[in-house]
Amino acid sequence: MIIILKNGAKAESVRDLEENLKAQGVSVNHIEGVNQNIIGLVGDTSAIDVENLLAQDCVENIRRVQEPYKKANRKFHPDDTVIPVRNTVIGNGSLQIIAGPCSVESEEQIITTAIACKEAGATMLRGGAFKPRTSPYSFQGLGAEGIRLLIKARAETGLPIVTEIMDSADIDLFADVDVIQVGARNMQNFRLLKMLGQCDKPILLKRGLSSTMEELLMSAEYIMAEGNMNVILCERGIRTFETMTRNTLDISAVPLLKQKSHLPVCVDPSHATGLFSLIEPMSLAAVAAGTDALEIEVHNDPKSALSDGGQQLTPVKFAEMMEKVKGLAAYMGRTIGK
Ligand code: PEP
Ligand code: MN
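In this numbering scheme, every chain counts its residues from 1 along its sequence in written order. In the order they appear in the text, chains get letters beginning with A and ligands get numbers beginning with 1. Where totals are concerned, whole chains, interfaces and linings use all residues; where local detail is concerned, this predicted model gives features only for residues with pLDDT of at least 70, and gives and counts side-chain atom pairs only at 80 or more. Side-chain measures here rest on the full set of heavy atoms in the structure, leaving out hydrogens and waters.

Engineer: How should the overall build of the protein chain be read in this particular structure?
Structural biologist: Secondary structure is summarised from DSSP: a helix means a run of H or I of at least four residues, a strand means a run of E of at least two, and numbering begins at the N terminus for each. Counting its secondary structure elements, the protein chain contains 10 helices and 14 strands. The principal-axis extents of the C-alpha atoms in the protein chain amount to approximately 75 × 45 × 40 Å. Accessibility here uses a 1.4 Å probe with only protein chains present; expressed as a share of the type maximum, an area under 20% marks a residue as buried, one over 50% as exposed, and anything in between as partly exposed. Counting only residues that meet the buried cut, the protein chain has 51% of its 338 residues in that class. We treat Lys and Arg as the positive residues and Asp and Glu as the negative residues; His and chain ends play no part in the count. All charge positions are set by atom: Lys at NZ, Arg at CZ, Asp at CG, Glu at CD. Within the protein chain, one finds 35 positive and 42 negative side-chain charges whose respective centroids are separated by 2 Å.

This is the structure:
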């Protein structure tokens, strides 16, 4: 971190500032320039409060040189993190396909869809039991019953299950879930993140609607700082001025997050685009960009879905898409699943 001092800053204030910084465990290098004096800080600056520094009389500006996330940072953990999920792993170079409906609606719906997804080559099953809906009048999910049905679908197909938590008070209901999803709307629910940091389940952390990649990494840091290193970063589109798609899929996030972090990356083209006709091309683009996983909404009958009907693939369309994904993965030397 570099602190740029004001011209004419009082020597006494600068001395006080330097003493204060040393007390925070960093070493302080005072550099006298021709036009400007600066202080270079060496050491772990992640806990230093930039706002407090800016409030000091003698400080003109601050530049961070190091990223504020440490545990998620590839610089301090060069090897890819490989996360065990039940009978498989994510992040070892293989491609995981998480497929299933937006919401778990009934036993017949989830079992039929899970079987079709498995037959087409999916390696994990998704399904929302607790649904974050924009309107309080929309279907809110089956709750605990939804999780029970997912467990039944897992018993039927062998697919590990992925489902979203919205409230830390529900954590006990997730005891038999394989991957806990944190939705875009909760990416900065810091109490929820801290609580998930204390459990040992893999966490699929979705990027917030208007969040930067650094904010996503800082949210991963919240989970990791509590001890849970098993975080999967999920790009699911960000809000832009474009109205033809639900969000804008930020494909550049895939290689960039993988450069900045050792954590596996997942892409959700369904919520990113909101349009079933874009799922196949965006999935192929995400695989080409190096994603570790895809999360795709598939419904046995999208036109009667209780949520997100317009973006869910029919099992037939999903199977057609999977043939192309398999071809691209093979071309890239990647296996589907373990
Ligand atoms: C979901 O995956 O069901 C979901 C609600 O996604 P997001 O949080 O990305 O909107
Ligand atoms: Mn959905």
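Engineer: Explanation requested: the site of ligand 1 in the structure shown.
Structural biologist: For each residue, the test is whether any non-hydrogen atom lies within 4 Å of the molecule or strand; if one does, the residue is near. In the vicinity of ligand 1, the contacting residues are R126, K131, P132, E164, Q181, G183, A184, R185, K206, R236 and H271. Pairs of N or O atoms are called polar contacts if they sit within 3.5 Å, as long as, within protein, a hydrogen donor faces a hydrogen acceptor (for residues adjacent in sequence, only side-chain-to-side-chain pairs). The contact in question runs from an oxygen atom of ligand 1 to an N or O atom on the side chain of K131, over 2.9 Å. In this structure, R236 approaches ligand 1 through a side-chain N or O atom, which is 2.6 Å from an oxygen atom. Of the residues assigned to the shell around ligand 1, the class counts are 2 nonpolar, 3 polar and 6 charged. Just so you know the grouping, Ala, Val, Leu, Ile, Met, Phe, Trp, Tyr, Cys and Pro go in nonpolar, Asp, Glu, Lys and Arg go in charged, and all remaining residues, Gly too, go in polar.

Engineer: Any chance you could explain the sheet that holds strand β1 (residues 2-5) here in plain terms?
Structural biologist: Sheet strands pair via backbone hydrogen bonds, and the direction of the pair is either parallel or antiparallel. By this definition, two strands are paired if DSSP reports at least two bridges between them. Read from one edge to the other, the open sheet built from 4 strands follows the order β2-β3-β1-β4, with strand pairing classed as antiparallel. On the outer flanks of this sheet lie β2 (27-32) and β4 (59-63), each paired with one strand and no other. On average, each strand axis in the sheet is inclined to that of its neighbour by 20°, with strand direction left out of account. Here β1 runs beside β4; their pairing, made up of 4 bridges, is antiparallel. In the strand pairing of β4, L5 is matched with V59. Packing against the sheet, helix α1 (residues 11-23) makes contact with β1, β2, β3 (37-42) and β4, and its axis sits at approximately 150° to β2. All axes are obtained by fitting lines to C-alpha atoms, using only the stretch in contact for helices, and the reported angles, taken between N-to-C directions, cover 0 to 180 degrees. Contact between two residues is taken to exist if any of their heavy atoms lie within 4.5 Å; hydrogens are not considered.

Engineer: I would appreciate a short explanation of the domain arrangement of the protein chain in the present structure.
Structural biologist: Where interface size is given, it is often the accessible area lost as the parts come together that is meant. Segmentation of the chain into domains, including their bounds, is taken from an automatic or database domain assignment. According to the domain assignment, the protein chain contains domain 1 (2-63) and domain 2 (83-331). The distance between the C-alpha centroids of domain 1 and domain 2 comes to 43 Å.

Engineer: When you look at the packing of aromatic side chains in this model, what are you seeing that I'm missing?
Structural biologist: Working definition: rings of Phe, Tyr and Trp (its six-membered ring) pair if their centres are within 6.5 Å, and the pair is stacked with planes under 30 degrees apart, edge-to-face with planes over 60 apart, and tilted otherwise. Tallied over the full model, the rule gives 2 aromatic pairs. Between the aromatic rings of F190 and Y222, the centroid separation amounts to 4.4 Å while the plane-to-plane angle is 20°, which identifies the pairing as stacked. With F190 in helix α5 (residues 190-197) and Y222 in helix α6 (residues 213-225), this residue pair connects regions lying 32 residues apart in the sequence. For F190, a relative accessible area of 32% gives the class partly exposed.

Engineer: So what exactly am I meant to see when it comes to the pairing of strand β9 (residues 161-165) here?
Structural biologist: Walk down a regular strand and you will see the side chains alternate between the two sheet faces. For β9, the tally of buried residues reaches 5 of 5 residues, placing the bulk of the element in the interior. By the bridge criterion, 2 bridges tie strand β8 (residues 124-126) to β9 in an arrangement that is parallel. In the sheet register, L125 faces β9, and the bridge partner there is I161. In this region the chain leaves β8, passes through helix α4 (residues 144-157) and returns to the parallel neighbour β9; the handedness of that crossover is right-handed. Looking down the strands as they point away from you, a crossover is right-handed if its path from the first strand over the helix to the second goes clockwise.

Engineer: Explain the coordination of the manganese ion (ligand 2) here, please?
Structural biologist: Each angle at a metal carrying four tetrahedral donors should ideally be 109.5 degrees, and each at a metal carrying six octahedral donors should ideally be 90 or 180 degrees. Donor atoms: N, O and S within 2.8 Å of the metal, or within 3.2 Å for Na, K and Ca. Because water is excluded, sites can look incomplete. For the manganese ion (ligand 2), the full set of protein donor atoms is C102 (SG), H271 (NE2), E297 (OE) and D308 (OD), at a range of 2.0 to 2.4 Å. Mapping the donors of the manganese ion (ligand 2) onto the primary sequence gives the spacing C-x168-H-x25-E-x10-D. You can see C102 sitting in the loop between β7 (96-100) and α3 (107-120) and its partner H271 sitting in helix α8 (residues 269-273), a full 169 residues away along the chain. Take C102 and H271: they sit in the same class, and that class is buried.

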